[in-house]
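What follows is each chain in one-letter form.
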Amino acid sequence: MTGVTSAPAPRKPARPRKGKGEGQWALGYREPLNKNEENKKNDDGLNVRARIENIYAHTGFDSIDPADLRGRFRWWGLYTQRKPGIDGGKTATLEPEELDDRYFMMRVRVEGGQLSTEQLKVIAEVSTDYARDSADITDRQNIQLHWIRIEDVPAIWQKLESVGLYTTEACGDVPRVVIASPVAGIAADEIIDPTPAIDEIVDKYIGSAEFSNLPRKFKTALTGHPSHDVVPEVNDIAFVGVVHPEHGPGFDLWVGGGLSTNPMLAQRLGTWIPSEEVAEAWWGVTSIFRDYGYRRLRNRARLKFLVADWGVEKFREVLEDKYLKRKLIDGPAPEIPAVQGDHVGVHKQNDGKYFVGVAPIVGRVSGTSLAKVADVVAAHGSNRIRTTAQQKLLVLDVEESQVDSLVAALDALGFQANPSAWRRNTMACTGIEFCKLAIVETKARAAQLIDELEERIPELDVPITVNVNGCPNSCARIQVADIGLKGQLVRDAEGNQVPGYQVHLGGGLGLDAGFGRKLRGHKVTSADLPDYVERVTQNYLKERNEGER
Ligand code: SF4
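Rules used in this analysis
- Residues numbered from 1 in each chain as written.
- Predicted model: local features only at pLDDT ≥ 70, side-chain atom pairs only at ≥ 80, totals over all residues.
- Heavy atoms only, no water.
- Helix = DSSP H or I, 4+ residues; strand = E, 2+ residues; numbered from the N terminus.
- Rg over C-alpha atoms; globule rule 2.2 N^0.38 Å.
- Buried < 20%, exposed > 50% of the residue type's maximum accessible area, 1.4 Å probe, protein only.
- Contact = heavy atoms within 4.5 Å.
- Areas by Shrake-Rupley, 256 points an atom, 1.4 Å probe, with all protein chains shown as cover.
- Salt bridge = Lys/Arg side-chain N within 4 Å of Asp/Glu carboxyl O.
- Near = heavy atom within 4 Å.
- Nonpolar A, V, L, I, M, F, W, Y, C, P; charged D, E, K, R; others polar.
- Core = buried A, V, L, I, M, F, W, Y, C linked by side-chain atoms within 4.5 Å.
- Pairing = 2+ DSSP bridges.
- Right-handed = clockwise from strand over helix to strand, strands pointing away.

K.L.:
Please give an account of the overall build of the protein chain that cites residues and values.
P.N.:
When you go through the protein chain residue by residue, the secondary structure sums to 15 helices and 21 strands. Relative to a compact globule of 549 residues, whose C-alpha radius of gyration would be 24 Å, the protein chain shows 25 Å and is just as compact. If one aligns the C-alpha atoms of the protein chain with their principal axes, the spans along those axes are about 110 × 60 × 55 Å. The burial tally for the protein chain puts 57% of its 549 residues in the buried class. By sequence separation, contacts in the protein chain at least 24 residues apart represent 70% of the contacts at least 6 residues apart. Summing over all exposed atoms, the protein chain offers an accessible surface of approximately 23,300 Å²; the carbon and sulfur share of this is 49%.

Right, here's the structure in full:
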């Protein structure tokens, strides 16, 4: 061989490849990846309170920095409400400022749904003095007020905080209200009382900078009641009461539930957590979400996406090894109830007294009615009230001799202890009346629906849940209702675009937990809704097999 083979030219050292992160902090991706992340990086949402108190409340709505108005205000439970009269068809086409009214929705956190009569009276006063008598009980046990002016916010906070209520982190990319069994500590059949754990989580972590910048909202639920009365499957983190054969009562830990556009049910990590370790486990899971949760796309940022990608084994391993620095105890699965509890009606407590669960209509109440409820409750010797995850209200600690009189007095105020099946099992989100994301009306439509169905099918031997939502966001849990309604524009018989709903059929929680099926073309106009629900119900009643839901 005559030729000389030359050595290949030395290659340039490969540049370290920059991975395409999803914004997970623990992997070093801390650069803001979208407007929301940029806003959060620029200033902690909690800092906006000082500006509201010292500046905006004095200088007025027009002086509010847009990044505060449409971003950080949420950290204090404030959303601008929808300008009245804007058609649902325009929701997606208008800029946020075109949809903004000059008033706010204010969400008051009610941890575990636990309220005293004194606290309820203060909420009622705020409603009548500052919120045009508006008040809604939400399906996360909060109370929402509307028509709030920026000028009044500091005075409202002062009033609320004087009785231990607050709006801190009621909205925003933070740990939202801790929902809990409304019969915590009083139910005769309770497995374990979650109240000490709720208190510890709230005291240590709510309003703390440690978790004031999460990738997205983070929903917590705790229950020690066998009826799983807090919809645990659809929360980011849930602690569900269970008895360990060796260690006794504690909690089973579930992670990664959530509805909206990619619904997922929470999954068990297979651990048993004693009451005194719940807050620490909560801290670990929330820290994982903060550090590894995806921040690139808002619609992939909830914890459920991380859990789905990692799987529960890896999730538990990271929780144990990296955060808690110890192994958790394996635990049994809790028994799953056939139907989750809403506690409506009269029930005996563990101390011999009674609690009374009452149903307003789709959570819509008023300051005036809440003030009267507080008075009636106090006059019947009780001081404790609870809101529920089904937009209901409970009165605790009622002596047997007082029950009938209390039930009658609450009934006269529109809060029924023996409601029709339709009233009991229909929920509705805020909808187009106030919500900027809404496409259709919900609360009033649902109230009319209940009226009509009570006439047409007065007796039902099984509960049929109807959840009315104004858009795909599923605040009133579209996918887990027997009849889930997702607000959208639909065509009527003449081909006109009108408000209506995409129907999801056959969803549920508990024993048959699963998402309703969205049948192609299964849409109904708002006007046809009563006929539609009646038809579905009659067909079901006629054709069901024994025991079929
Ligand atoms: Fe608003 Fe949509 Fe949520 Fe209803 S489901 S409250 S319309 S965001």
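K.L.:
Which residues make up the pattern of salt bridges, and what are the values?
P.N.:
Under the defined criterion, the tally for this structure stands at 39 salt bridges. Put simply, D68 and R51 hold a salt bridge, and the shortest N to O gap is 2.9 Å. In this pair, D68 is assigned in helix α3 (residues 66-69) and R51 in helix α2 (residues 48-59), connecting sequence segments 17 residues apart. Judged by relative accessible area, R51 falls into the partly exposed class, the value being 22%. A salt bridge links D330 to R316, with the shortest nitrogen-to-oxygen separation between them at 2.7 Å. Of this pair, D330 sits in strand β11 (residues 329-330) while R316 sits in helix α10 (residues 312-324), and the two are 14 residues apart along the sequence. Taking relative accessible area as the criterion, D330 reaches 53% and is therefore assigned exposed. Members of the salt-bridge network, linked through shared partners, are E37, K40, D173, R295 and R298.

K.L.:
Summarise the site of the ligand; cite the residues concerned and give the values.
P.N.:
If you check the shell around the ligand, you find C429, T430, G431, C435, L437, A438, N469, G470, C471, N473, S474 and C475 and nothing else. For the shell around the ligand, the class distribution of residues is six nonpolar, six polar and no charged.

K.L.:
I'd like a description of the nonpolar core, backed by residues and values.
P.N.:
Counting residues in each nonpolar core, the largest one holds 53 residues, and the members touching the most others are I52, F73, F104, I143, L145, I150 and L160. Leave out the neighbours within four places in its chain, and L160 touches M106, V108, V122, I123, V126, L165 and T167. Counting residues in hydrophobic clusters, the runner-up holds 41 residues, among them V255, L269, I288 and F289.

K.L.:
So what's going on with the pairing of strand β18 (residues 466-469)? Residues and values would help.
P.N.:
What you see with β18 is no split at all: V466 and V468 on one side and N467 and N469 on the other are buried throughout. Sheet topology places strand β17 (residues 426-428) next to β18; three bridges connect them, and they run parallel. Looking across to β18, one finds that M427 is bridged to N467. A crossover links β17 with its parallel partner β18, the connecting element being helix α14 (residues 443-456), and its sense is left-handed. Looking at chain direction, β18 and strand β19 (residues 483-491) are connected through four bridges and run parallel.

Treat this as a map of the structure, not an account of what it does.
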